[in-house]
Structure formats: C-alpha cells, structure tokens
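Notes for the structure review
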Amino acid sequence: MNAFPPSFGPTDPIPCDDDRDAFATVNISLVVSREQLRAALAIGHAEQAGQPPLPELDILDVRREVEGYLAAVAVIGTEQEAATARISPELLADLDSAIDRAYTRPERTFRMQQPLYGDGTVTLATVDRGEVTVDEPVWCTGHDGEPVGHFTDITHDGPHITAAVEALEYGPVPLLRANMTHAPNLEQSPEPHPVAYVEGLEAASFDAAGLRHLTDEGRAWLARIDAMAAELADLAGDQS
Ligand SMILES: [Zn+2]
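Calculation notes
- Residues numbered from 1 in each chain as written.
- Predicted model: local features only at pLDDT ≥ 70, side-chain atom pairs only at ≥ 80, totals over all residues.
- Heavy atoms only, no water.
- Salt bridge = Lys/Arg side-chain N within 4 Å of Asp/Glu carboxyl O.
- Helix = DSSP H or I, 4+ residues; strand = E, 2+ residues; numbered from the N terminus.
- Buried < 20%, exposed > 50% of the residue type's maximum accessible area, 1.4 Å probe, protein only.
- Donors = N, O, S within 2.8 Å, 3.2 Å for Na, K, Ca; no water.
- Tetrahedral: all angles 85-135°; square planar, octahedral: opposite > 155°, others 65-115°.
- Expected span 1.5 Å × (residues − 1).
- Contact = heavy atoms within 4.5 Å.
- Polar contact = N/O pair within 3.5 Å; in protein donor to acceptor, adjacent residues only side chain to side chain.
- Pairing = 2+ DSSP bridges.
- Axes fitted to C-alpha atoms, helices over the stretch in contact; angles between N-to-C directions.
- Parallel < 35°, antiparallel > 145°, perpendicular 65-115°, else oblique.
- Nonpolar A, V, L, I, M, F, W, Y, C, P; charged D, E, K, R; others polar.
- Arc of directions from axis to C-beta.

Tallied over the entire structure, the rule returns 5 salt bridges. Asp-12 is the partner of Arg-64 in a salt bridge, and the nearest nitrogen-oxygen pair spans 2.5 Å. Residue Arg-64 is found in helix H2 (residues 59-84), and its partner Asp-12 is found in the segment before helix H1 (34-47); the two are separated by 52 residues along the sequence. Judged by its relative accessible area of 37%, Asp-12 is partly exposed. Put simply, Asp-61 and Arg-64 hold a salt bridge, and the shortest N to O gap is 2.9 Å. Remark: Arg-64 and Asp-61 occur in helix H2; sequence separation between them is 3 residues, near one turn of the helix. Residue Asp-61 is classed as partly exposed on the basis of its relative accessible area of 26%.

Structure, rendered in structure tokens:
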C-alpha cells in the first residue's frame, strides 16, 4: 500500500435525517482523487443552487460541501438497498448482535438533550440528577444537539463572534473567535457570572493589503468584544 495522502477533516458531524433515530457517529477516512473531489464539490455546490458562489466559500465550507455530498450519496445508497433487501429474522438478529459488539454505546454519555424551553428557563436531562429546570439566559443559543452530561457541566453558550480574514493562499480564514459562556453550577472553578471564551484559530499568510483587511477585521472584532465585556460587566453587576 502506498503512503496515504494528507488528511483533511472531518469538518462537522453530518446529522442524521430527522425521521431517523441517531445512534452512532461513524467516522471514515476516504482517500479520493482530485477528479473525485472536483465532482463531489461540483455536484454538491450545484445542489445548493450554486449559492454562495465558489470564490466566496471559505475553506471549511468547501470541505463541508464535499463531505456532505459524499455522505449524502452513501446514505441514499444505503436507504435504497435497505428498501429492497429481504432480511430474515435470523440474519437480523446476527446483524444486531454484530452492531452491538462493534458500536457499543456508553448509554449515559451518548443520550442527546431534548431541551424544553420555558419562560426564561430550560429543562434539561442530566446523568446524575435526572431532569432539571434551570435559568436560560436570553443570549444562550440553546441546548439542542448537546449530549446529556452532569448537572455541574450545564453550560450556556452565546453566538460565536468570529474575525475571518481573506489570506494569500486561502479564502477567508477564521482567525479569532469569542463567545459568551456560563457554567453556573461548576464546582471546581466556579463561574458566578458569565465569562468570554476566546480562541485563536487558523494560521495564514498575508500581503500588505491582506494585513490591512486583517487589522480592519481585527478592530471590528475587538469593538464587538468590547461590547461583550460591557455586557459581562452588566451581568455581573445585576447578579451581585
Ligand atoms: Zn442555555
């Protein structure tokens, strides 16, 4: 076997169809040719009615298009086979037992939240306290799609504020990201008030014009982070 070419992704898990029960996330590493990549991107992008135009897709969007198209083809193929295949009860039992061996789920950690939102509250499942109803801050983006965890780990996350800048060798690359977050029940490092989570992301090279865009975008980002700092200060003041 030849050495494998460089590997990219997976970018985001590709969700299950809404009418199916999500059971396991299967990661595969698929070696493809440039032609296959081109075909997957062309068809995937055409299926999005060509929007946004290719030059405006950032690198992660390009990868999402390719991964999404390849996954969709695999899922559609599997569904078509399943619709026509006849599976005897004996075979079904053998299949299920092989799946249980190979895809054993730690039940308690892989249950997904099905949050119930109330007036300023949210009801969440926990592995240690069952269902709990907690305050839901207005800035929280919600808890759908989160795994069920411990009560102390309940975290509210605000929307991401990202500085994405056009770089020399790529399209726009996300350089900095911040969001407001609050885990009010943490015991080890308590968070009495919301905090800001700040991340530095991709590295990239810039020419002079690119650098000016970077400083513009950086200033705009910092202005929004300043506003976030003021909001955090307000929230801390309100609660103390
Ligand atoms: Zn929340």
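So, next bit.
Protein-derived ligands of the zinc ion are Glu-136 (OE), Cys-140 (SG), His-143 (NE2) and His-156 (ND1), with the metal-ligand distances lying across 2.0 to 2.2 Å. Here the zinc ion is ringed by 4 donor atoms whose angles at the metal span 90 to 125 degrees, and the overall shape comes out tetrahedral. Donor residues binding the zinc ion come from one chain and are separated in sequence as E-x3-C-x2-H-x12-H. Highlighted residues: Cys-140 in the loop between strand S3 (130-135) and strand S4 (156-157) and His-156 in strand S4, separated in sequence by 16 residues.

Helix length check: H2 (26 residues) gives 38 Å between terminal C-alpha atoms against 38 Å at 1.5 Å per residue, within 8%. In the core, the buried residues of H2 are packed alongside H1 and strand S6 (172-182). Near the N-terminus of H2, the side chain that reaches the backbone nitrogen of Leu-60, with its oxygen 3.1 Å away, is that of Asp-58.

Let's shift gears to unusual backbone geometry. The peptide bond linking Gly-9 to Pro-10 adopts the cis configuration, its omega dihedral lying at 5 degrees. Checked against the element boundaries, Pro-10 lands in the segment before H1. Residues Gln-51 and Pro-52 are joined by a peptide bond in cis, for which omega reads -15 degrees. Turning to its location among the elements, Pro-52 is positioned in the loop between H1 and H2. At Ala-49, a residue that is not glycine, the phi angle is positive and equals roughly 55 degrees. Summarising the element assignment, Ala-49 is placed in the loop between H1 and H2. With a relative accessible area of 62%, Ala-49 lands in the exposed category.

Now for the sheet that holds strand S2 (residues 121-126). Read across the sheet, 3 strands follow the order S1-S2-S3 without closing on themselves; strand pairing throughout is antiparallel. A single partner strand is all that each edge strand has here, and the edge strands are strand S1 (116-117) and S3.

Next up on the list: the pairing of S2. In terms of burial, S2 is a largely internal element, 5 of the 6 residues being buried. Pairing analysis gives 2 bridges linking S1 to S2, with the strands arranged antiparallel. Residue Leu-116 lies in a different strand from S2, and its bridge partner there is Thr-123. Bridge count for S2 against S3 is 6 bridges, and the pairing is antiparallel.

Turning to the environment of Gln-188, a few remarks are in order. Inspection of the secondary structure puts Gln-188 in the loop between S6 and strand S7 (195-200). In this structure, the C-alpha to C-alpha distance between Gln-188 and Ala-22, residues 166 residues apart in sequence, is 33 Å.

What follows concerns the packing of H1 against H2. Look at H1 against H2: their axes get within 8 Å of each other, and the N-to-C directions meet at 90 degrees. Taken as axis vectors, H1 and H2 run roughly perpendicular relative to one another. On the side of H1, the interface is formed by Leu-37, Ala-40, Leu-41, Ile-43, Gly-44, His-45 and Glu-47, while H2 contributes Val-62, Glu-65, Val-66, Tyr-69 and Leu-70. Counted by class, the contact of H1 with H2 contains 8 nonpolar, 2 polar and 2 charged residues.

With that out of the way, let us pick up H1. Taking 1.5 Å of rise per residue, 14 residues should cover 20 Å, and H1 covers 20 Å from first to last C-alpha, within 8% of that figure. Listed as buried for H1 are Ala-40, Leu-41, Gly-44 and His-45. All buried residues of H1 project into a common sector of 115 degrees when viewed along the axis, lining one side. Exposed side chains of H1 directed beyond 90 degrees from the buried face belong to Glu-35, Arg-38, Ala-46 and Glu-47. Summarising the contacts, the buried residues of H1 are in contact with H2. Just past H1, the residue Ala-49 takes up positive phi, approximately 55 degrees.

Worth remembering: the numbers are spatial, not functional.
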